[in-house]
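Chain by chain, the residues run as shown.
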Amino acid sequence: MKTFSATPADIDKKWILIDAEGVVLGRLAVVIATRLRGKHKPSFTPHMDMGDNVIVINADKVQLTGNKRDKPNYWHTGHPGGIKSKTTGEILEGAHPERVVMQAVKRMLPGNRLSRQQMTHLRVFAGSEHGMEAQKPEVLDVKSMNKKNTRTA
């Protein structure tokens, strides 16, 4: 039997809606990265963009375990002495809390051109409203997949 290699004609993309309220960030990022790459499909081909389009809502209500809310995130402005930092909690309470989810998913994908293309199929919204109703997304309940996906304080 020959090894199957998908062609662009074989690719069937779907729209997936995920509610991030009360879900642990790392476990959510794993599910999203798997869907973006297409590894959940039996016809997965590593060099093709065959993943689904993913919509994430309520990104500001994502949960973190341990002391990760107080962990600093560093970046550099490009100027001498331009290192800056903010804690994850400050980012979640700030103007763009969806960046925490975007960064977690980005770091779970390989660092190449294909993963940068796959990241364009991810849409993250801080609130419960999204403008993607016309795509008729299927709801994926991450909370019910595993009891560890939710945080019980």
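Structure: see above.
Residues numbered from 1 in each chain as written. Predicted model: local features only at pLDDT ≥ 70, side-chain atom pairs only at ≥ 80, totals over all residues. Heavy atoms only, no water.

**Things to note about the overall build of the protein**
Here comes step 1: The helix and strand inventory of the protein stands at four helices and six strands.
Here comes step 2: Going residue by residue from the N terminus, the α and β elements of the protein occur as β-α-β-β-β-α-α-α-β-β.
Here comes step 3: For the protein, the spread of C-alpha atoms along the three principal axes comes to 55 × 40 × 30 Å.
Here comes step 4: Per-residue burial over the protein gives 39% buried out of 153 residues.
Here comes step 5: As displayed, the protein offers around 9500 Å² of accessible surface, 52% of which is attributable to carbon and sulfur atoms.
Here comes step 6: Positive and negative charge centroids in the protein, built from 25 and 15 side chains respectively, lie 9 Å apart. (Helix = DSSP H or I, 4+ residues; strand = E, 2+ residues; numbered from the N terminus. Buried < 20%, exposed > 50% of the residue type's maximum accessible area, 1.4 Å probe, protein only. Areas by Shrake-Rupley, 256 points an atom, 1.4 Å probe, with all protein chains shown as cover. Lys, Arg positive; Asp, Glu negative; His and termini not counted. Charge placed at Lys NZ, Arg CZ, Asp CG, Glu CD.)

**Thoughts on the pairing of strand S2 (residues 53-57)**
Here comes step 1: Burial analysis of S2 places five of its five residues in the buried class, the great majority of the element.
Here comes step 2: Alternating positions in S2 separate into two faces, Asn53, Ile55 and Ile57 on one and Val54 and Val56 on the other, with burial throughout.
Here comes step 3: Relative to S2, strand S1 (residues 15-19) runs parallel, the two being bridged by five bridges. Note on S2: the bridge partner recorded for Asp19 is Ile57.
Here comes step 4: In terms of handedness, the path from S1 via helix H1 (residues 25-37) over to S2 forms a crossover that is right-handed.
Here comes step 5: In terms of strand pairing, S2 meets strand S5 (residues 122-124) through three bridges, oriented parallel. (Pairing = 2+ DSSP bridges. Right-handed = clockwise from strand over helix to strand, strands pointing away.)

**Quick notes on the sheet that holds S1**
Here comes step 1: Taken in spatial order, the four strands make up an open sheet running S5-S2-S1-S6, and their pairing is parallel. Unpaired on one side and paired on the other, S5 and strand S6 (138-140) mark the two borders of the sheet. Neighbour-to-neighbour, the strand axes of the sheet open up by a mean angle of 25 degrees, direction not taken into account. (Axes fitted to C-alpha atoms, helices over the stretch in contact; angles between N-to-C directions.)

**Quick word on unusual backbone geometry**
Here comes step 1: Positive phi values are uncommon outside glycine, yet Asn58 reaches one of about 60 degrees.
Here comes step 2: By secondary structure assignment, the location of Asn58 is in the loop between S2 and strand S3 (72-76).
Here comes step 3: Here Asn58 falls in the buried class, since its relative accessible area comes to 4%.
Here comes step 4: Unlike most non-glycine residues, Lys136 shows phi in positive territory, near 50 degrees.
Here comes step 5: Inspection of the secondary structure assignment puts Lys136 in the loop between S5 and S6.

**Considering the nonpolar core**
Here comes step 1: If you look at the biggest cluster of nonpolar residues, it comprises 27 residues, and the most contacted ones within it are Ile18, Leu28, Ile32, Leu36, Val101, Val105 and Leu122.
Here comes step 2: The greatest single-element share of this core, amounting to seven residues, is contributed by H1.
Here comes step 3: In this view, Ile18 contacts Leu28, Val31, Ile32, Val54, Ile55, Val56, Ile57, Leu140 and Val142; residues no more than four positions away in its chain are not counted.
Here comes step 4: Counting five residues, the second-largest nonpolar core is a separate cluster that includes Trp15, Leu17, Ile55 and Ile57. (Core = buried A, V, L, I, M, F, W, Y, C linked by side-chain atoms within 4.5 Å. Contact = heavy atoms within 4.5 Å.)

**With respect to the pairing of strand S4 (residues 83-87)**
Here comes step 1: Bridge count for S3 against S4 is five bridges, and the pairing is antiparallel. By the bridge assignment for S4, Pro72 is matched with Thr87.
Here comes step 2: Between S3 and S4, which pair antiparallel and follow one another directly, the connecting turn spans six residues, one of which, Gly78, has a positive phi of 100 degrees.

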